[in-house]
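Chain and residue survey
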Amino acid sequence: MASGEARARRIAAGTQPRSALSYARLLPLVVAGALLAAAVAVTGWSAQLRNALPTKALSAAPWDAVARARFAERALMPEAGRAPEPQAVASAEAAARTALRREPLNFVAWRTLGYAASTRNQERRATALMHIAERFSRRDQLTQLWLIEEAVRRHDARAAIGH
C-alpha cells in the first residue's frame, strides 16, 4: 500500500516518470508540427523569390501559381528588338494556363495569355484576355500600357485616355 501512496503522490506532484507509450502518443504531433514548419518555410522562401527569380521559386514550391505566372511572363520577354520564338510562346501559354488552374484570379497569367495571343496576331482574343487581366488588377502598368496602345491603334482617343 505504501508504494501505491508514493505513486499517487508522484502523480499529484507531476513527477511521475513517463512511459514509452506516452512519448509514442506525442510522436505524430511532433512530426505534423515539423512538416507544417517546413511547408511554411518553403512557401515563405518561394514568396520572396517569385518575382525576381521565378525558376528558383518553382524549384522550391512547384505549386506556386504566382511564380509560374511570372515564369510564363519571362518566357515571352525576349531580348530587345526580337520577337519571341514560337516554342517560347507555347511554353509561356502552357505555364500561364497551369497558373490559372491553380489561381484563376492571377492577372499576370491572364496578361501573359494576352501577350501570347498578340504575338500570334490574334488581336481580338488578345484584347479580350487583356481586359480580363485589367478586371483583376487595374493598377497593372503593363496591362494598361498594352490597352492604351491597342486603343491608339484603333484611333480611339477616349479609350486611350481612359486607361
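Computed from a predicted structure; not experimentally measured.

Taken together, the side chains of Y23, L26, L29 and V30 present a nonpolar region at the surface, about 430 Å² in accessible area. Tracing the chain through its elements places L26 in helix α2 (residues 20-49). On the basis of relative accessibility, which here comes to 39%, the residue L26 falls in the partly exposed class.

A rise of 1.5 Å per residue sets the reference length of helix α6 (residues 107-119), with its 13 residues, at 18 Å; its end C-alpha atoms lie 18 Å apart and thus fit the reference within 8%. Of all 13 residues making up α6, 11 are buried, and the element is well covered by its neighbours. Restricting attention to buried positions, one finds in α6 the residues V108, A109, W110, R111, T112, L113, G114, Y115, A116, A117 and S118. On the buried face of α6, the contacting elements are α4 (65-75), α5 (86-102), α7 (123-136) and α8 (141-153). Where α6 begins, one side-chain oxygen reaches toward the backbone nitrogen of V108, 3.1 Å away; that side chain belongs to N106. Where α6 terminates, the next one or two residues include N121, which has phi positive at roughly 60°.

Ranked by size, the top nonpolar core spans 23 residues in total, and within it L76, A109, W110, L113 and W146 carry the most contacts. Ranked by residues supplied to this core, first place goes to α6 with 7 residues. Contacts of W146, omitting those with residues within four sequence positions, involve Y115, S118, E123, A126, T127, M130 and R153.

The next point concerns the packing of aromatic side chains. Counted by the stated rule, this structure contains 1 aromatic pair. Their ring planes at 35° and their centres at 6.5 Å tell us that W110 and F136 sit as a pair that is tilted. Note that W110 is positioned in helix α6 and F136 in helix α7, a separation of 26 residues in sequence. Its relative accessible area of 19% is what places W110 among the buried residues.

Moving on, we get to unusual backbone geometry. Unlike most non-glycine residues, N121 shows phi in positive territory, near 60°. Within the secondary structure, N121 sits in the loop between α6 and α7. Within the chain, H155 stands out as a residue other than glycine whose phi angle is a positive 60°. Exposure remark for H155: the relative accessible area of 75% places this residue in the exposed category.

What counts, and at which threshold
- For every chain, the first residue of the written sequence is number 1, and numbering continues from 1 along that sequence.
- For this predicted model, a pLDDT threshold of at least 70 governs which residues receive local features, and a threshold of 80 or more governs which side-chain atom pairs are given and counted, while totals over whole chains, interfaces and linings are taken from all residues.
- As a convention, hydrogens and water are excluded, and side-chain values are obtained from all of the structure's heavy atoms.
- Like charges within 9 Å and nonpolar side chains (Val, Leu, Ile, Met, Phe, Trp, Tyr) within 5 Å are joined into patches, using only residues over 30% in relative accessible area that form no salt bridge.
- Method for areas: the Shrake-Rupley scheme with a 1.4 Å probe, in which residue coverage is limited to the protein chains shown.
- Salt-bridge detection follows one rule: a side-chain nitrogen of Lys or Arg within 4 Å of a carboxyl oxygen of Asp or Glu.
- Here a helix means four or more residues in a row that DSSP labels H or I, a strand means two or more in a row labelled E, and each is numbered from the N terminus.
- Here's how the labels work: a residue is buried when its accessible area is under 20% of the maximum for its type, exposed when over 50%, partly exposed in between, all with a 1.4 Å probe on protein chains only.
- By this rule, a helix spans an expected 1.5 Å times one less than how many residues it contains.
- Residues count as neighbours in contact if any of their non-hydrogen atoms are within 4.5 Å of one another.
- Throughout this description, a polar contact denotes any pair of N or O atoms lying within 3.5 Å of each other; where both atoms belong to protein, one of them has to be capable of donating a hydrogen while the other can accept it, and for residues adjacent in sequence the pair is counted only when both atoms sit in side chains.
- Joining through side-chain atoms within 4.5 Å is the link that ties buried Ala, Val, Leu, Ile, Met, Phe, Trp, Tyr and Cys residues into a set, and such a set is a nonpolar core.
- Paired rings are identified among Phe, Tyr and Trp, the last through its six-membered ring, by centres lying within 6.5 Å, and are further divided according to the angle between planes into stacked (under 30 degrees), edge-to-face (over 60) and tilted (the rest).

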